Amino acid sequence: MSESNDLRETVRRRYAAAAAQVTEGGTACCGPAAIEADDNFGGALYAATERDELPAEAVAASLGCGNPTAVAELNEGERVLDLGSGGGIDVLLSARRVGPTGKAYGLDMTEEMLALALANQKKAGATNVEFLKGAIEAIPLPANTIDVIISNCVVNLSTDKPAVFAESYRVLVPGGRIGISDVVADDTLTAGQRAERGDYVGCIAGALSFAEYRAGLEAAGFTGIEITPTHAVADGMHSAVIRATKPAGPHPEPTTDSTAAKAAPASDCCGR
């Protein structure tokens, strides 16, 4: 438990520092500088037309490994929840897609990122957006209230992935769906080998394998699971698009066995 809490605090500090970097850069003459990331992460993974729609600070704060709004197939009037919403890039893009009759929620545990997201919401003039403080393992929304859950390279950072999957299932309406981007490991890689390829807060050491990801979603009750790799982020590690659905009709209760989706042990060094 202590190790999990330490990792959670390391993640929080990393994102707090990232938000501060963007905020402080935005007060300079040349505008916000993007958070340092290689070609596999960050705002460059969004189309130029999407980046141009948003405040520069929202794009600069992006640390994701994909573009979940491009694969979630959002519709007018839907309610969308972004797990680990950061500076708000995916929430603001989702808000445009669901329109004034829909709503986009962003959930983040970091005060500094939430403050940045609220500032970006104001700059974008988005009125169908709400940012919430909380953990993705304990979503502060009622059951059966969300149509679509998105997330961008955040689930791998959780130290309790079964709770993330169970909470996602709980808040989705029957027939609701997830469309997220995340880092996933080849099934042949051991936990130790994943840790050798990158640290926990760098989205590598805590990644699930393809089989573990599928088993975790199935244990929570999801069906129609698709895990599609998009590009490599390290040797045997991939950015992937994950889709799944909460059944619309009667279905068995989710299993309480959380072993299938436990995160790989973290390396000793952490920092995303």
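Before going into details, it helps to say that this report is about the structure given with it. Computed from a predicted structure; not experimentally measured.

## A closer look at unusual backbone geometry
One non-glycine residue, Asn144, lies in positive phi territory at about 60°. For Asn144, a relative accessible area of 41% translates into the label partly exposed.

## Structural notes on the pairing of strand β2 (residues 103-108)
For a regular strand, side chains alternate in direction, first toward one face of the sheet and then toward the other. Counting buried positions over the six residues of β2 gives five, a clear majority of the element. In this sheet, β2 lies alongside strand β1 (residues 79-83) in parallel orientation, the contact comprising five bridges. Of the residues in β2, the one forming a bridge with Arg79 is Lys103. Between β1 and its parallel partner β2, the chain crosses via helix α4 (residues 89-98), and the hand of that crossover is right-handed. Two elements, β2 and strand β3 (residues 129-133), share five bridges in a ladder whose sense is parallel. Of the residues in β3, the one forming a bridge with Ala104 is Val129. In the classification by handedness, the crossover that spans β2, the intervening helix α5 (residues 111-124) and the parallel β3 is right-handed.

## Quick word on empty space enclosed by the protein
Empty pockets left among the atoms are what a rolling probe the size of a water molecule brings to light. A complete count under the given rule lists two cavities of 30 Å³ or more for this structure. Estimated volume of the second largest cavity: approximately 50 Å³. Lining the second largest cavity are Leu83, Ile149, Val155, Val164, Phe165, Ser168, Ile178, Ile180, Leu217 and Phe222. Secondary structure elements with two or more residues in the lining of the second largest cavity: α6 (161-171) and β5 (172-185). Looking at which element gives the most residues to the lining of the second largest cavity, the answer is α6, with three residues.

## What about α5?
Here α5 is 14 residues long and its end C-alpha atoms lie 20 Å apart, about the 20 Å a rise of 1.5 Å per residue gives. Listing the buried residues of α5 in full gives Met113, Leu114, Leu116, Ala117, Asn120 and Gln121. Buried residues in α5, looked at end-on, bunch into an arc of 160°, giving them a common side. Among the exposed residues of α5, those oriented more than 90 degrees off its buried face are Lys122 and Lys123.

## Let's talk about the packing of α6 against helix α8 (residues 210-220)
In contact at an axis separation of 9 Å, α6 and α8 are set at 45° when each is read in the N-to-C sense. Comparing their axes, α8 and α6 come out oblique. Viewed along their axes, α6 and α8 form a crossing whose handedness is right-handed. Taken together, the residues of α8 that come into contact with α6 (itself represented by Phe165, Ala166 and Tyr169) are Tyr213, Gly216, Leu217 and Ala220. Each residue belonging to the contact of α6 with α8 can be placed in one class, and the counts come to six nonpolar, one polar and no charged.

What counts as what
Residues numbered from 1 in each chain as written. Predicted model: local features only at pLDDT ≥ 70, side-chain atom pairs only at ≥ 80, totals over all residues. Heavy atoms only, no water. Buried < 20%, exposed > 50% of the residue type's maximum accessible area, 1.4 Å probe, protein only. Helix = DSSP H or I, 4+ residues; strand = E, 2+ residues; numbered from the N terminus. Pairing = 2+ DSSP bridges. Right-handed = clockwise from strand over helix to strand, strands pointing away. 1 Å grid on protein atoms, 1.4 Å probe; cavity = no way out; pocket = protein on both sides within 12 Å on 5 of 7 lines; lining within 4 Å. Points joined across faces, edges and corners; volume = space filled by probe spheres on them. Expected span 1.5 Å × (residues − 1). Arc of directions from axis to C-beta. Axes fitted to C-alpha atoms, helices over the stretch in contact; angles between N-to-C directions. Parallel < 35°, antiparallel > 145°, perpendicular 65-115°, else oblique. Left-handed = near helix turned anticlockwise from the far one by under 90°. Contact = heavy atoms within 4.5 Å. Nonpolar A, V, L, I, M, F, W, Y, C, P; charged D, E, K, R; others polar.

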